[in-house]
Amino acid sequence: AQSVTQLGSHVSVSEGALVLLRCNYSSSVPPYLFWYVQYPNQGLQLLLKYTSAATLVKGINGFEAEFKKSETSFHLTKPSAHMSDAAEYFCAVSDKTGTASKLTFGTGTRLQVTL
Amino acid sequence: DAGVIQSPRHEVTEMGQEVTLRCKPISGHNSLFWYRQTMMRGLELLIYFNNNVPIDDSGMPEDRFSAKMPNASFSTLKIQPSEPRDSAVYFCASSPTGDSGNTIYFGEGSWLTVV
């Protein structure tokens, strides 16, 4: 079964600093990987996804992630944090055996941005 | 474009009562998912449908939970009888069918409190 592990349930950065949220996956086949963001009292919104094309994936709001097979990682980064980035971030892996995106989510990382 | 629409947004009910959560997926999406989010267990897939047919309900906690999709534009998740441990945010989501790399779009969630 596929799974993802997010290291660090809480990350705090200063405004303008680099954001790095870690995600490692476990999969017996090349995975499809996703990052979603959840703002308070809202649903999940897709930030970006990797589906076997370019290994460096650019998403919305200045975020990007790099798929590294050798490290089984898909870490999310943003060069300069903004206060509006404060939210919870979820990494997810898709079950490729079916025709629908049955996602398995990580436990989430809450990003705090301070002045 | 209208996203996934869920109702009610908030529900407070007494233990033992029946709860019905409703969902309208994005038009044209053939896959529909029900997820549950709690602090203890994170995001869990309860059930998903393809073309109105339940494909995988292995995540449904117990017989008190049931889900239906009578047509392509409507689904319900019912809990009968409800218990305090069912308190959670329930998300409905939809995606196009055909590729497990397709993006899943989430609704705003139904916040359920059972007292």
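Residues numbered from 1 in each chain as written. Chains lettered and ligands numbered in written order. Predicted model: local features only at pLDDT ≥ 70, side-chain atom pairs only at ≥ 80, totals over all residues. Heavy atoms only, no water.

Trainee: Help me understand the overall build of chain B in this model?
Mentor: Counting its secondary structure elements, chain B contains 0 helices and 11 strands. When the helices and strands of chain B are placed in sequence order, the string is β-β-β-β-β-β-β-β-β-β-β. Against the compact-globule benchmark of 13 Å for 115 residues, chain B has a radius of gyration of 13 Å, which places it among compact chains. With respect to the principal axes defined by its C-alpha atoms, chain B has extents near 40 × 30 × 25 Å. Considering chain B as a whole, with its 115 residues, one finds that 50% of them fall into the buried category. Taking the contacts inside chain B whose residues are at least 6 apart along the sequence as the reference set, 54% of them involve residues at least 24 apart. Accessible surface, chain B as shown: approximately 5,500 Å² in total, 49% of it carbon and sulfur. (Helix = DSSP H or I, 4+ residues; strand = E, 2+ residues; numbered from the N terminus. Rg over C-alpha atoms; globule rule 2.2 N^0.38 Å. Buried < 20%, exposed > 50% of the residue type's maximum accessible area, 1.4 Å probe, protein only. Contact = heavy atoms within 4.5 Å. Areas by Shrake-Rupley, 256 points an atom, 1.4 Å probe, with all protein chains shown as cover.)

Trainee: Sorry, what's going on with the interface of chain A and chain B here?
Mentor: Reports of interface size often rely on the accessible area that becomes lost once the parts have come together. Taken together, the contact between chain A and chain B spans 22 residues of the former and 23 residues of the latter. On the surface where chain A and chain B come into contact, there are 1 salt bridge. Salt-bridge contacts for A:K102 lead to B:D56; the nearest nitrogen and oxygen are separated by 2.7 Å. Linking chain A to chain B there are 5 residue pairs in polar contact (both at pLDDT 80 or more). Only β4 (32-38), β5 (44-50), β9 (87-95) and β10 (102-105) of chain A provide two or more residues apiece to the side of chain A that touches chain B. In terms of residues, the side of chain A that touches chain B owes the most to one element, β4(A), which gives 4 residues. Residue composition of the side of chain A that touches chain B, grouped by class: 9 nonpolar, 9 polar and 4 charged. (Salt bridge = Lys/Arg side-chain N within 4 Å of Asp/Glu carboxyl O. Polar contact = N/O pair within 3.5 Å; in protein donor to acceptor, adjacent residues only side chain to side chain. Nonpolar A, V, L, I, M, F, W, Y, C, P; charged D, E, K, R; others polar.)

Trainee: Help me out: how do you make sense of the environment of A:H82 in this one?
Mentor: All names here are of chain A. Along the chain, H82 turns up in the loop between β8 (73-78) and β9. Counting along the chain gives 32 residues from H82 to T114, while the straight-line C-alpha distance between them is 8.9 Å. Beyond its immediate stretch of four places on either side in the chain, H82 contacts E15 and V113. Side chain to side chain, H82 and S84 meet in a polar contact 2.9 Å long.

Trainee: What is the right way to read the pattern of salt bridges from this model?
Mentor: Between side chains of opposite charge, a pair can form when the charged atoms approach closely. Residues and elements named next belong to chain B. For the structure on display, the rule yields 12 salt bridges over all chains. In this structure, D86 engages R64 in a salt bridge whose closest nitrogen and oxygen atoms are separated by 2.6 Å. Here D86, found in the loop between β8 (74-79) and β9 (88-95), pairs with R64, found in the loop between β6 (53-56) and β7 (65-71); they are 22 residues apart in sequence, far enough to count as distant. For D86, a relative accessible area of 1% translates into the label buried. Look at R64 and you get buried, because its relative accessible area is 11%. Residue R85 is joined to E83 by a salt bridge in which the shortest nitrogen-to-oxygen separation is 2.6 Å. Look at E83 and you get partly exposed, because its relative accessible area is 23%.

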